Amino acid sequence: MSLQKTLFGKLLLLTLAMVILLGSLVSVVLYHSGLDSAQAVIRNKNLAAAHHIRGYVQPLRSVVQYLAAKDFVREAMDTDYRDESRLLELFRVLQDANPTIHFIFAAYEDGRLVINDYVPPPGFDPRVRPWYEAGVRAGPALSGGIPYREIKSDEWLVSFSQVLLDEDGGLRGVVAIDALVDAVMEVIGARDPSFTTARNLVLDHEGRILFHAQDGLIGTRFAGWDSLAPMVGEGSGQRFLEVDQRTWMVQFIHEEPLNWTVVTMVEKREVLLPIMWRILQSVAVVLCIALLLSAFMARNLSAHIVGPLRLLEQRVRDVVDGKALGQTRKSVPLAELKNEIGTISQAIEAVTEHALYHKNQELQRNNALLERLSQTDSMTGLMNRRKMNEQLEQEYSRVCRYQGTFVLMLFDIDHFKQINDTHGHHVGDLVIQELAALVRGMVRATDSVARWGGEEFLILFPETDQAAAMVIAEKIRAAIAAHRFPVPRPVTVSIGICQHRPDTNLQELLIAADKRLYQAKSGGRNRICVGDSE
Ligand SMILES: Nc1nc2c(ncn2[C@@H]2O[C@H](COP(=O)(O)OP(=O)(O)OP(=O)(O)O)[C@@H](O)[C@H]2O)c(=O)[nH]1
């Protein structure tokens, strides 16, 4: 896998880890803060409902307690006291003073009902009505408020009642106040725009619903009461409850004097959905930021690491392929980077430069060798014919320009064929090699000696005239003739000498030397013939 892919892979993993970590953190924080604020909202609604109920109920309870304490209310049942008008007047005044009072009335053990503006249905017996029974049950205390349907209108009412007792504690009757449930629900049952599933309800000490927006539920037992009841003693609190197969977030306040519990409940789904949505948005934002960051990092890494590394890789390939030998260091900006890549690059450049130096040295050596080989006769180590031609051209040009002279001496081994034939080619080779060494050792360094053909040699004597050349030629001839070659007979050479004349070209000069050699051969061999080009 390429470095770039590996880097991207690792960055992706890092990004995912960041998203998971930050996302979890953000989710936990958002979940708890969202839940806390939702709970605070529900708690405030619950408090407001409780305050409202308290404010609504308390004056009614006070009126009932006040009436139950009055003798004339109790005594209204007596047969000698038939003046109901005073009592009815009091009821009216109290009702006018408090518009929340729907009915205010007293009922007596003899079955009589004292009430304003209400005609009971035929056969009506107050002693079997729920408010009467509740008052008797609670006596002498105030009954906690019970819900019941008004017998004629079928409206839901909440009744607060208290028994009327004589001095001996005998039951005389019950005084009661009815409040309309609707009036309370108008306030505490109002729809809430922030939580559409929010609802307030009031429960009595047995979990019966006293106030609820749905009339049908009033008087029934609250479905979550079993779970809520153990907590009611704590005064207030909150918990999740399963009601109607849905989970609700429930906040409650227990109203001690009434022994009522004011409940505010919101469906959990409605609380959690906005929180979840906010978490989702935040995680998306975190994801976007993380992706942007990793993209930026990937770009940065690519620009500062992967890019230079690729250049470096290419450079190394070039070095390996030998392409780098033709380049200078300046063409590679990597070496100027002030980091590890720059250091590696510098090292590569140094190695390349080193290799380049050695390659050049080797090349020079090889070139020199090649040049030498191209100029040298491999058997004798003397100049070859090609090199001698160059030398001749050079000398000829020089002489033409500076008015000097030179001499050519062409010589050939006599009867060399016989040596080969008699002793073999390898012996012939040895003779040629020994003769070459001998001649080379006899002439000046400035003289050029070449193997001109098979057993034929040419010597160029610069700045030499014919007379001087004759002397050298004779010395060479004599030395060869006297030398003991690896053959059992003397080896001699025939020599042709020719001096350069201003009117002679090189070709003519060579032909002339060859002619003199031929003359020497035909003249009996082992001799020297001299002459110019004519
Ligand atoms: N061993 C050996 N023989 C060579 C070499 N070059 C030429 N020869 C031989 O030299 C001989 C020259 O023979 P010829 O040209 O007939 O001349 P010669 O026998 O020397 O007779 P003259 O020159 O007339 O005295 C030939 O047989 C060539 O094969 C060489 O490098 N090594």
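None of the values given here were measured: they were computed from a predicted structure.

Draft legend 1. Representation of the sheet that holds strand β7 (residues 209–211) in the model. Strand order in this open sheet of five strands is β7-β6-β10-β9-β8, and the pairing throughout is antiparallel. A strand with exactly one partner marks an edge of an open sheet, and here the two such strands are β7 and β8 (236–243). Averaged over all pairs of adjacent strands, the angle between their axes in this sheet comes to 35°, without regard to strand direction. Two strands pair when backbone bridges link them, and β8 and strand β9 (residues 246–255) are joined in this way by eight bridges, in the antiparallel orientation.

Draft legend 2. Molecular detail of a nonpolar patch on the surface. A grouping of L14, M18, L22, L25, V285, I289, L293, F296 and M297 is seen on the molecular surface, where their side chains present a nonpolar patch of about 810 Å² in accessible area. Of the residues forming the nonpolar patch, the biggest block, five residues, is contributed by helix α7 (residues 268–321). One can find V285 in helix α7.

Draft legend 3. Structural context of the site of the ligand. Among the 17 residues in the neighbourhood of the ligand, the closest are listed as H415, F416, N420, R451 and K521. A distance of 3.1 Å is found between an oxygen atom of the ligand and a backbone nitrogen or oxygen belonging to I413. Within the backbone of H425, an N or O atom sits 3.1 Å from a nitrogen atom of the ligand. Listed by contribution, the elements that provide at least two residues to the shell around the ligand are β11 (406–413), α10 (416–423) and α11 (425–442). Per-element tally for the shell around the ligand: the top contributor is α11, with four residues.

Draft legend 4. Region of the structure containing unusual backbone geometry. Backbone torsion omega between G139 and P140 reads 5°, so that peptide bond is classified as cis. Position of P140 among the secondary structure elements: in the loop between α4 (130–138) and β3 (146–149). The residue H415 is not glycine, and still its phi comes out positive at about 45°. With respect to the secondary-structure elements, H415 resides in the loop between β11 and α10. Residue classification places H415 among the partly exposed residues on the basis of a relative accessible area of 39%. Positive phi outside glycine occurs at R525, with the angle close to 70°. Looking at the element boundaries, R525 is found in the loop between α13 (506–522) and β15 (528–530).

Draft legend 5. Region of the structure containing the pairing of β3. Sheet topology note: the β3/strand β4 (residues 156–165) ladder contains four bridges and is antiparallel. Pairing of R149 across the sheet is with W156, part of β4. Taken together, β3 and the strand that follows it, β4, pair antiparallel across an intervening segment of six residues, in which D154 is found at a positive phi of about 65°.

Draft legend 6. The arrangement of the sheet that holds strand β13 (residues 456–462) in detail. Strands sit in the order β12-β13-β11-β14-β15 across an open sheet of five strands; the sheet is mixed. In this open sheet, the two edge strands, each paired with only one partner strand, are β12 (448–451) and β15. Shown here is a sheet whose adjacent strand axes are inclined to one another by a mean of 15°, direction ignored. The pairing of strand β14 (residues 493–499) with β15 spans three bridges and is classified as parallel. If you follow I497 over to β15, its bridge partner there is V530. Of the strands in this sheet, β11, β12 and β13 touch helix α9 (residues 385–402), which is tilted by about 25° from β13.

Draft legend 7. Representation of the packing of α7 against helix α8 (residues 340–375) within the structure. Taken N-terminus to C-terminus, the directions of α7 and α8 make an angle of 10°; their axes are 11 Å apart at the nearest point. In terms of axis orientation, α7 runs roughly parallel to α8. The residues of α8 that touch α7, namely those facing H304, I305, P308, L309, L312, R315, V316 and V319, are I341, I344, S345, I348, E349 and T352. Residue composition of the contact of α7 with α8, by class: nine nonpolar, three polar and two charged.

Draft legend 8. The environment of L180, seen in detail. Relative to the assigned elements, L180 resides in strand β5 (residues 171–180). Overall, the relative accessible area of 18% leaves L180 in the buried class. Between the C-alpha atoms of L180 and F211, which are 31 residues apart in sequence, the distance is 9.8 Å.

Draft legend 9. Inspection of the packing of α11 against helix α12 (residues 466–482) at higher detail. Remark: α11 packs on α12, axes separated minimally by 10 Å, with the N-to-C direction vectors making an angle of 145°. The interaxial crossing formed by α11 with α12 has right-handed handedness. Mapping the contact onto sequence places L435, L438, V439 and M442 in α11 and K475, I476, A479 and I480 in α12. Residues that form the contact of α11 with α12 fall into these classes: seven nonpolar, no polar and one charged.

Draft legend 10. Here's a closer look at the nonpolar core. Core analysis: the largest hydrophobic core is formed by 43 residues, its most contacted members being I53, L67, V73, F211 and W260. Apart from residues no more than four positions distant in its own chain, F211 is found in contact with I53, V158, V181, V184, M185, I188, N200, L201, V202 and W260. If you look at the next biggest cluster of nonpolar residues, it comprises 30 residues, including I419, L435, L438 and I495.

Draft legend 11. Quick look at the packing of aromatic side chains. Counted by the stated rule, this structure contains six aromatic pairs. Consider the rings of F411 and F457, whose centres lie 5.3 Å apart with planes at 20°: the pair is stacked. With F411 in strand β11 and F457 in strand β13, this pair connects stretches of sequence that are 46 residues apart. For the pair shown, F411 and F457 are each scored as buried. Among the aromatic side chains, those forming a connected cluster through ring pairs are F105, W131 and Y132. We note R86 situated over the ring of F72; from NZ or CZ to the ring centre the distance is 4.3 Å.

Draft legend 12. Structural view of the environment of Y396. In this structure, Y396 sits in helix α9. Look at Y396 and you get buried, because its relative accessible area is 19%. Separated by ten residues in the primary sequence, Y396 and F406 place their C-alpha atoms 8.3 Å from one another. Beyond its immediate stretch of four places on either side in the chain, Y396 contacts F406, H500, T504, N505 and L506.

Draft legend 13. Region of interest: helix α3 (residues 84–97). For α3, spanning 14 residues, the distance from its first C-alpha to its last is 20 Å, which sits close to the expected 20 Å at 1.5 Å a residue. The complete set of buried residues in α3 reads L87, L88, L90, F91 and L94. Burial along α3 is one-sided: seen end-on, the buried residues are contained in an arc of 155°. In α3, the exposed positions that point more than 90 degrees away from the buried face belong to D96 and A97.

Reading the values: rules and limits
- Residues numbered from 1 in each chain as written.
- Predicted model: local features only at pLDDT ≥ 70, side-chain atom pairs only at ≥ 80, totals over all residues.
- Heavy atoms only, no water.
- Pairing = 2+ DSSP bridges.
- Helix = DSSP H or I, 4+ residues; strand = E, 2+ residues; numbered from the N terminus.
- Axes fitted to C-alpha atoms, helices over the stretch in contact; angles between N-to-C directions.
- Patch = residues over 30% accessible without salt bridge, like charges linked within 9 Å, V, L, I, M, F, W, Y side chains within 5 Å.
- Areas by Shrake-Rupley, 256 points an atom, 1.4 Å probe, with all protein chains shown as cover.
- Salt bridge = Lys/Arg side-chain N within 4 Å of Asp/Glu carboxyl O.
- Near = heavy atom within 4 Å.
- Polar contact = N/O pair within 3.5 Å; in protein donor to acceptor, adjacent residues only side chain to side chain.
- Buried < 20%, exposed > 50% of the residue type's maximum accessible area, 1.4 Å probe, protein only.
- Contact = heavy atoms within 4.5 Å.
- Parallel < 35°, antiparallel > 145°, perpendicular 65-115°, else oblique.
- Nonpolar A, V, L, I, M, F, W, Y, C, P; charged D, E, K, R; others polar.
- Left-handed = near helix turned anticlockwise from the far one by under 90°.
- Core = buried A, V, L, I, M, F, W, Y, C linked by side-chain atoms within 4.5 Å.
- Phe/Tyr/Trp six-rings, centres within 6.5 Å; stacked < 30°, edge-to-face > 60°.
- Lys NZ or Arg CZ within 6 Å of the ring centre and 35° of its normal.
- Expected span 1.5 Å × (residues − 1).
- Arc of directions from axis to C-beta.

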